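Residue-level structural notes
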Amino acid sequence: MGEVNTFIQSIPLEYFIILSSVLFCLGVMGVLLRKNAIVILGCVELMLNSVNLLLAAFSAYKGNGDGQLLVFFIMVVAAAEVAVGLAIIAMLYRNTRSVDVSIFNKLRG
């Protein structure tokens, strides 16, 4: 177990922080700029995985498994989010023949 921590700790923590920040910013930009619902769900998953990467890196540097336990719970929530989101997208496509999120505004009535 000590070999794994020393290998991970040989990579500077700043690299993990920078990579996670870039991935999170790409996910936020995708959610804000794209109109395709499937791409938006993918960007939300990208944001969740960037947080998971950061939690796993901090957990490895600290030397305990608390962060990895949080990663597990975030993955469970992400799986539930994908299941509900894809069901909503399937119903949207069935009713409108499009996955454009601007159509949600037209479904009010």
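Residues numbered from 1 in each chain as written. Predicted model: local features only at pLDDT ≥ 70, side-chain atom pairs only at ≥ 80, totals over all residues. Heavy atoms only, no water.

Under the feature "transmembrane region" (unreviewed entry), the UniProt entry names residues 15-33, 38-58 and 70-93. Taken end to end, residues 38-58 is 100% helix and 0% strand, and its two terminal C-alpha atoms sit 31 Å from one another. With 100% helix and 0% strand, residues 70-93 has end C-alpha atoms that lie 34 Å from one another. (UniProt positions renumbered as here; feature names shortened; annotations may be inferred. Helix = DSSP H or I, 4+ residues; strand = E, 2+ residues; numbered from the N terminus.)

Positive phi is not limited to glycine here, since arginine 97 has a value of about 60 degrees. Within the fold, arginine 97 resides in the segment after helix H4 (66-96). For arginine 97, a relative accessible area of 60% corresponds to the exposed category. (Buried < 20%, exposed > 50% of the residue type's maximum accessible area, 1.4 Å probe, protein only.)

Quick look at the packing of helix H2 (residues 13-33) against helix H3 (residues 37-62) now. In contact at an axis separation of 8 Å, H2 and H3 are set at 165 degrees when each is read in the N-to-C sense. Relative to H3, the element H2 lies roughly antiparallel. The chirality of how H2 crosses H3 is left-handed. For the pair H2 and H3, contact is made by Leu13, Phe16, Ile17, Leu19, Ser20, Leu23, Phe24, Leu26, Gly27, Val28, Gly30 and Val31 and by Ile40, Cys43, Val44, Leu46, Met47, Ser50, Val51, Leu53, Leu54, Ala57, Phe58 and Tyr61, respectively. Classifying every residue of the contact of H2 with H3 gives 20 nonpolar, four polar and no charged. (Axes fitted to C-alpha atoms, helices over the stretch in contact; angles between N-to-C directions. Parallel < 35°, antiparallel > 145°, perpendicular 65-115°, else oblique. Left-handed = near helix turned anticlockwise from the far one by under 90°. Contact = heavy atoms within 4.5 Å. Nonpolar A, V, L, I, M, F, W, Y, C, P; charged D, E, K, R; others polar.)

Here the focus is H3. Counted at 1.5 Å a residue, the expected span for H3 with its 26 residues is 38 Å, and the 38 Å between its end C-alpha atoms agrees. At the N-terminal boundary of H3, the capping side chain belongs to asparagine 36, with an oxygen 3.1 Å from the backbone nitrogen of isoleucine 38. Taken from the residues just after H3, glycine 63 is the one with a positive phi, measuring 95 degrees. (Expected span 1.5 Å × (residues − 1). Polar contact = N/O pair within 3.5 Å; in protein donor to acceptor, adjacent residues only side chain to side chain.)

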